[in-house]
Amino acid sequence: MELKEQTAVQSDLLKSFEEKIGRDDAIEPKDKMPDAYRKHLIRQISQHAHSEVIGMQPEGNWITRAPSLRAKQILLAKIQDEGGHGLYLYSAAETLGISRSEMIEQLHSGKAKYSNIFNYPALNWADIGAIGWLVDGAAIVNQVSLQRTSYGPYSRAMVRICKEESFHQRQGYEIMAKMMAGTADQREMAQDAMNRWWWPALMMFGPHDSESPRSGDAFKWKIKRQSNDELRAKFIDKTVQQAEVIGLTIPDKDLKWNEARGHYDHGPIDWNEFYNVINGNGPCNKQRMDHHKRVHAEGAWVREAAEAYRAKKEKQLFQSKN
Amino acid sequence: MNQQEAMFKYCLRLGDNALIRSYRLSEWCSNAPILEEDLALTNFALDMIGRAQALLGYAGQIEGKGRTDDDLAYRRGERSFYNVLLTELPNQDFAYTMARELYLSAFEYFYYSGLAGSKDATLAAIAAKTLKEIKYHLSHATDWVLRLGDGTAESHAKMQTAVDDLWPYASELFESDAVDAAMISAIGAPDPAALKDSWMKHVSAILKEATLDVPTTMYTHTGGRNGIHSENLGHILAEMQFLPHAYPDAKW
């Protein structure tokens, strides 16, 4: 095919892709899509999958110390859900032509990122409450919006994930509520966790709309449908009331209801801290990545054995048939 | 020891096996060789907690002093735990964990099959529910012992080491004492000693299929069922019971 014809075909494909986006039709794995759309999704979905998996570490830190059998059961079930989310997000990304092992390599090389929030430590039992309530609470706001994202497999994964995340948020809130209704020590732990997780949770929505460089394409292709600041406002509005109900103080002296905007105004977010953590200098960046790399390396012999066994059995089956 | 005391200790033994094993299984969270195994082992840990809740809750009822499953899990000292030593040994590596799961699940398959027919309705119901889970645990462990035993030279060596090192701990499962005798006669509980041949036959067949040698050592480690543990249990309890000990008045 001549170069001119190729260009014409490409432009037809792009046109049909854009028409689909315009009609709000889902883009499916076998549909033609611009390379930049594919790359954007691989980056976003793999980052999301890695976040689920790395997020198992701070919560995993408290499994053996969960203070009751019920608490342990709920925490284990929750972490198991996160691992499950990781699995189906990896699968969704695989439909775009990248393998799970490639994604893990990219995580280890630093090319792929995970949510910054998991670079903070889980220090007391109330942190498990705060992670469920605030971190999963922030994630849900984002994920509810992503249920309508334009890529079919990602959108369907989000529908499933949202159902489980709302259970996670409730369990986190229940831990906080119980501790706030408990002893002075427990109330102190709960407020301490609130103070440490509030600002990082607000940072989960990313930079202000005026600063976010990628919002252009993501909006055009309907991968993203609401801006960082819109989503952050939704989160703050619902969370402030929940905090008040159980007697927790939001650690922001500038927080106040703005009647005209119909939202809370909040104090300035420390973006220096945000970029510092993104650039690898958070309290747990190295710990989280070292852990993932170590476990992956230590498990290599098991994966190799499973593969060798499978190949052996396939060969035996082939020989018995012939 | 009257029958109530025997029954109490009997339920604690079964419950503690589940509780301590759940602790070890849960340590695999974020530490498994692949994400699928992370989920599987966490799931088994959850099964074990459910079983521990049922059995410790029942033990509390039998004791009749108002202690709950949490009281028994979180406020008992090391000498009053009656799990077998095998459940408390460190995970070491994936091969050790799979060898332990095979030994325990194979035993439990025979044991809980018998207990499901017990005259005690509560234990029979717990056993019937548990048996469904055990079948899955056993098939999972069997699959991995086969894969690792008959996989690569490295995995074969690691699996053989695990099978050999844990073998002396398996015999404790088949010990039968006055508590067992009381339960055999009172509620028709299975006699652990009577299950050894079936277990040996079942496990040996799997090891052979996995191209592994069946250990021949006669040496045995024992004590857990009577509260004499390895050094590992103290560390498990120190960690597991930390919050209720540090904040005795707090409710979680």
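Conventions we followed
- Residues numbered from 1 in each chain as written.
- Chains lettered and ligands numbered in written order.
- Predicted model: local features only at pLDDT ≥ 70, side-chain atom pairs only at ≥ 80, totals over all residues.
- Heavy atoms only, no water.
- Helix = DSSP H or I, 4+ residues; strand = E, 2+ residues; numbered from the N terminus.
- Rg over C-alpha atoms; globule rule 2.2 N^0.38 Å.
- Buried < 20%, exposed > 50% of the residue type's maximum accessible area, 1.4 Å probe, protein only.
- Contact = heavy atoms within 4.5 Å.
- Areas by Shrake-Rupley, 256 points an atom, 1.4 Å probe, with all protein chains shown as cover.
- Lys, Arg positive; Asp, Glu negative; His and termini not counted.
- Charge placed at Lys NZ, Arg CZ, Asp CG, Glu CD.
- Axes fitted to C-alpha atoms, helices over the stretch in contact; angles between N-to-C directions.
- Parallel < 35°, antiparallel > 145°, perpendicular 65-115°, else oblique.
- Left-handed = near helix turned anticlockwise from the far one by under 90°.
- Nonpolar A, V, L, I, M, F, W, Y, C, P; charged D, E, K, R; others polar.
- pLDDT = per-residue confidence, 0-100.
- Buried area = accessible area lost by both parts, 1.4 Å probe.
- Salt bridge = Lys/Arg side-chain N within 4 Å of Asp/Glu carboxyl O.
- Polar contact = N/O pair within 3.5 Å; in protein donor to acceptor, adjacent residues only side chain to side chain.
- Phe/Tyr/Trp six-rings, centres within 6.5 Å; stacked < 30°, edge-to-face > 60°.
- Lys NZ or Arg CZ within 6 Å of the ring centre and 35° of its normal.
- Expected span 1.5 Å × (residues − 1).

*Asks:* Can you help me understand the overall build of chain B in this one?
*Replies:* Counting its secondary structure elements, chain B contains eleven helices and zero strands. Secondary structure elements of chain B occur, N-terminal to C-terminal, as α-α-α-α-α-α-α-α-α-α-α. In terms of overall dimensions, chain B is globule-like: its C-alpha atoms have a radius of gyration of 18 Å, near the 18 Å expected for 252 residues. The principal-axis extent of the C-alpha atoms belonging to chain B is close to 55 × 40 × 30 Å. Considering chain B as a whole, with its 252 residues, one finds that 59% of them fall into the buried category. Relative to all contacts within chain B whose residues are 6 or more apart in sequence, the contacts with residues 24 or more apart total 81%. On chain B, roughly 9,600 Å² of surface is accessible, and the fraction owed to carbon and sulfur atoms is 52%. Each charge class in chain B can be summarised by its mean position, and for the 22 positive and 34 negative side chains these summaries are 6 Å apart.

*Asks:* Explain the packing of helix 2 (residues 35-63) of chain B against helix 6 (residues 121-149) of chain B here, please?
*Replies:* The geometry of a pair of packed helices is captured by two quantities: the angle between their axes and the separation between those axes. Residue and element names in this part refer to chain B. As a packed pair, helix 2 and helix 6 sit with axes 11 Å apart at the nearest point and diverge in direction by 160°. Relative to helix 6, the element helix 2 lies roughly antiparallel. Here helix 2 and helix 6 pass one another in a crossing that is left-handed. Taken together, the residues of helix 6 that come into contact with helix 2 (itself represented by Glu37, Ala40, Leu41, Phe44, Asp47, Met48, Arg51, Ala54, Leu55 and Tyr58) are Thr122, Leu123, Ile126, Thr130, Glu133, Ile134, Tyr136, His137, His140 and Trp144. Of the residues contributing to the contact of helix 2 with helix 6, the split by class is twelve nonpolar, four polar and four charged.

*Asks:* What am I meant to see in the environment of A:Ala201 here?
*Replies:* Residues and elements named next belong to chain A. Following the sequence through the fold, alanine 201 ends up in helix 8 (residues 184-203). We classify alanine 201 as buried; its relative accessible area is 0%. Once the C-alpha coordinates of alanine 201 and phenylalanine 235 are considered, the two residues, 34 residues apart in sequence, prove to be 9.4 Å apart.

*Asks:* Got a minute to help me understand the confidence of the model for chain B in this structure?
*Replies:* Note that predicted coordinates carrying low pLDDT should not be read in detail. Looking at chain B as a whole, its pLDDT mean stands at 97, while 100% of the residues score no less than 70. Both confidence scores are given for the complex: pTM 0.95, ipTM 0.96.

*Asks:* Got a minute to help me understand the interface of chain A and chain B in this structure?
*Replies:* A common way to state how big an interface is: give the accessible area lost once the parts meet. At the junction of the two partners, chain A supplies 45 residues and chain B supplies 48 residues. Across the chain A to chain B interface the summed buried area is about 4,000 Å²; carbon plus sulfur atoms make up 68%. Counting across the interface, chain A meets chain B through two salt bridges. A salt bridge links B:Asp150 to A:Lys312; the shortest N-O distance between them is 3.0 Å. At the junction of chain A with chain B, the criterion picks out 15 residue pairs in polar contact (both at pLDDT 80 or more). When residues of the side of chain A that touches chain B are assigned to their parent elements, the largest contribution, 13 residues, is made by helix 4 (residues 69-94) of chain A.

*Asks:* How do you make sense of the packing of aromatic side chains when you look at a structure like this?
*Replies:* The way to describe two aromatic rings as a pair is by their centre distance and the angle between their planes. Inspection of every chain in the model, using the stated rule, returns 22 aromatic pairs over all chains. Consider the rings of A:Trp198 and A:Phe235, whose centres lie 6.0 Å apart with planes at 25°: the pair is stacked. In this pair, A:Trp198 sits in helix 8 while A:Phe235 sits in helix 10 (residues 228-246), placing the two residues 37 residues apart along the sequence. Aromatic pair A:Phe205 and A:Phe235: ring centres 5.7 Å apart, planes at 45°, arrangement tilted. Of the two residues, A:Phe205 is situated in the loop between helix 8 and helix 9 (215-220) and A:Phe235 in helix 10; the sequence distance between them amounts to 30 residues. Residue A:Phe205 is classed as buried on the basis of its relative accessible area, which comes to 7%. Through successive ring pairs, a cluster of aromatic residues spans B:Tyr103, B:Phe107, B:Tyr111, B:Tyr112, B:Trp167, B:Phe174 and B:Trp199. Seen from the ring of A:Trp62, A:Arg65 lies directly overhead, with NZ or CZ sitting 3.7 Å from the centre. Over the aromatic face of B:Tyr112 sits the side chain of B:Arg51, whose NZ or CZ is 5.1 Å from the ring centroid.

*Asks:* Explanation requested: the packing of helix 8 of chain A against helix 10 of chain A in the structure shown.
*Replies:* All names here are of chain A. For the pair helix 8 and helix 10, interaxial distance at closest approach is 10 Å and the crossing angle is 150°. Considering their axes alone, helix 8 and helix 10 lie roughly antiparallel with respect to each other. Where helix 8 abuts helix 10, its residues Trp198, Ala201, Leu202 and Met203 lie against Arg232, Phe235, Ile236 and Thr239.

*Asks:* Can you walk me through helix 7 (residues 153-170) of chain B in this structure?
*Replies:* Residue pairs spaced three or four apart in an α-helix point in one direction, given the helix's 3.6 residues per turn. Between its terminal C-alpha atoms helix 7 of chain B stretches 25 Å, which fits the 26 Å expected from 18 residues at 1.5 Å a residue. Burial in helix 7 of chain B covers these residues: B:Ser155, B:Met159, B:Gln160, B:Ala162, B:Val163, B:Leu166, B:Trp167, B:Pro168, B:Tyr169 and B:Ala170. As for helix 7 of chain B, its buried residues are in contact with helix 13 (300-321) of chain A together with helix 4 (85-88), helix 5 (94-115), helix 6 and helix 9 (196-209) of chain B.

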